[in-house]
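Listed below are the residues making up each chain.
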Amino acid sequence: NLEYIPTLAYPLNVRLALLNYFSEGENDVGYAIEDAYIALKDKVLNTSKNEHVACQSAMEFYLATGQLIRYYCKQSQAQKLHYDVLWHGIVSAKKVEDIKKIQYKYFQKYAYKIAIDDFRFNRMLSIVSSYKPEEEEPIDLDALFYGFASGNIIYYKDEDKGINEGEAAENEEGK
C-alpha cells in the first residue's frame, strides 16, 4: 500500500547531500540522522524487556514519530495512500505538543489493530511519549521525513529468526 515511500527517500537523500555540501563540513545532517536512526533501532530492538526506554534527543523523537506515523499508515485499509496523510497531518504542526496530539490521534484511530504486547511498538511509543523539550524548538522535518521514509524498525526482520514480532502478531490475527 505504501509503494511511494521509497520515492521520498531519493529526494530526501539529495536534500541531505546538499545540506552537507553547503554546510562545508560543519554539521553533516545526513550522517547525524543516520547515526540517530541506528541508535534508535538498537534501543527499540534491545531484547532486555525490563529496561526503561525514554527519548534522549530531539532527533530521536522526530525519527521515532516518523516511524510511528508510517506504522499507522500500514494499519490503514486504504487501497492507495499518498503523502497528504503525512503532509496535512503531522508536518503542518507548529510545535512538539501539536505533533504529539496528531500522533495520539492516529494511535486512537488504529489502536484496535495494535496488540498490547507488541514490544517494539510499545518501545517506540514510549520514546515519543517521553520527549519534552526544555524550550520551544523548530520542527526537524528532515529527521521526521527520514523516520517516515526509512525502513520501519517495528517490522525489522531478524535474520536469525526469519520473522519479526510485528509480523508474528499480524499472522496470529489472520488465523
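*Asks:* Sorry, what's going on with the pattern of salt bridges here?
*Replies:* Proximity of charged atoms lets side chains of opposite charge pair with each other. What the rule picks out here adds up to 1 salt bridge. Put simply, E60 and K43 hold a salt bridge, and the shortest N to O gap is 3.0 Å. Remark: K43 occurs in helix α2 (residues 29-45) and E60 occurs in helix α3 (residues 58-75); sequence separation between them is 17 residues. Given a relative accessible area of 5%, E60 falls into the buried group. Residue classification places K43 among the buried residues on the basis of a relative accessible area of 16%.

*Asks:* What is the right way to read the packing of α3 against helix α6 (residues 119-129) from this model?
*Replies:* For any two helices packed against each other, one specifies the crossing angle of their axes together with the interaxial distance. At a minimum axis separation of 9 Å, α3 and α6 run at an interaxial angle of 135 degrees. One finds that α3 runs oblique with respect to α6. Once α3 is placed against α6, the crossing between them reads as left-handed. Every residue of α6 that contacts α3 at E60, F61, A64, T65, Q67, L68, Y71 and Y72 is listed here: F121, M124, L125, I127 and V128.

*Asks:* Explain α3 here, please?
*Replies:* The α-helix advances 3.6 residues per turn, and as a result positions three or four apart in sequence lie on the same side. Taking 1.5 Å per residue as the helical rise, α3 with its 18 residues ought to reach 26 Å, and the 26 Å between its terminal C-alpha atoms agrees with that figure. For α3, the tally of buried residues reaches 15 of 18 residues, placing the bulk of the element in the interior.

*Asks:* Explain the side chain of N152 here, please?
*Replies:* Take N152: it is sitting in the loop between α7 (141-149) and α8 (165-174). What makes N152 buried here is its relative accessible area of 11%. Among the polar contacts made by the side chain of N152, one reaches the main-chain amide nitrogen of I154 at a distance of 2.9 Å. Residues within four places of N152 in sequence aside, it is in contact with Q67, R70 and Y71.

*Asks:* In this structure, what is going on with the environment of L40? I would like to understand it.
*Replies:* Relative to the elements of secondary structure, L40 occurs in helix α2. The spatial distance from the C-alpha of L40 to the C-alpha of R123 is 10.0 Å, given a sequence separation of 83 residues. For L40, the residues in contact, after removing those within four places along its chain, are E60, L63, A64, M124, I127 and I153.

*Asks:* Just checking my understanding: could you explain the packing of aromatic side chains for this structure?
*Replies:* To describe a pair of aromatic rings, you give the distance between the ring centres and the angle between the ring planes. Applying the stated rule across the entire model yields 9 aromatic pairs. Where Y37 meets Y146, the ring centres are 5.8 Å apart and the plane angle is 70 degrees; that geometry is what we call edge-to-face. Note that Y37 is positioned in helix α2 and Y146 in helix α7, a separation of 109 residues in sequence. Classification of Y37 as buried rests on a relative accessible area of 12%. Under the relative-accessibility criterion, Y146 is labelled buried at 18%. Measuring from centroid to centroid gives 5.4 Å for Y71 and Y155, while their planes differ by 40 degrees, and the two rings are tilted. Taken as a pair, Y71 in helix α3 and Y155 in the loop between α7 and α8 lie far apart in primary sequence, 84 residues in all.

*Asks:* Would you take a moment to explain helix α5 (residues 96-110) for this structure?
*Replies:* For α5, spanning 15 residues, the distance from its first C-alpha to its last is 21 Å, which sits close to the expected 21 Å at 1.5 Å a residue. The complete set of buried residues in α5 reads V96, I99, K100, I102, Q103, Y106 and Y110. Along the axis of α5, the buried positions cluster into a sector of 165 degrees, meaning they face one direction only. Counted as exposed and oriented over 90 degrees from the buried face of α5: K101, K105, Q108 and K109.

Conventions and cut-offs
Residues numbered from 1 in each chain as written. Predicted model: local features only at pLDDT ≥ 70, side-chain atom pairs only at ≥ 80, totals over all residues. Heavy atoms only, no water. Salt bridge = Lys/Arg side-chain N within 4 Å of Asp/Glu carboxyl O. Helix = DSSP H or I, 4+ residues; strand = E, 2+ residues; numbered from the N terminus. Buried < 20%, exposed > 50% of the residue type's maximum accessible area, 1.4 Å probe, protein only. Axes fitted to C-alpha atoms, helices over the stretch in contact; angles between N-to-C directions. Parallel < 35°, antiparallel > 145°, perpendicular 65-115°, else oblique. Left-handed = near helix turned anticlockwise from the far one by under 90°. Contact = heavy atoms within 4.5 Å. Expected span 1.5 Å × (residues − 1). Polar contact = N/O pair within 3.5 Å; in protein donor to acceptor, adjacent residues only side chain to side chain. Phe/Tyr/Trp six-rings, centres within 6.5 Å; stacked < 30°, edge-to-face > 60°. Arc of directions from axis to C-beta.

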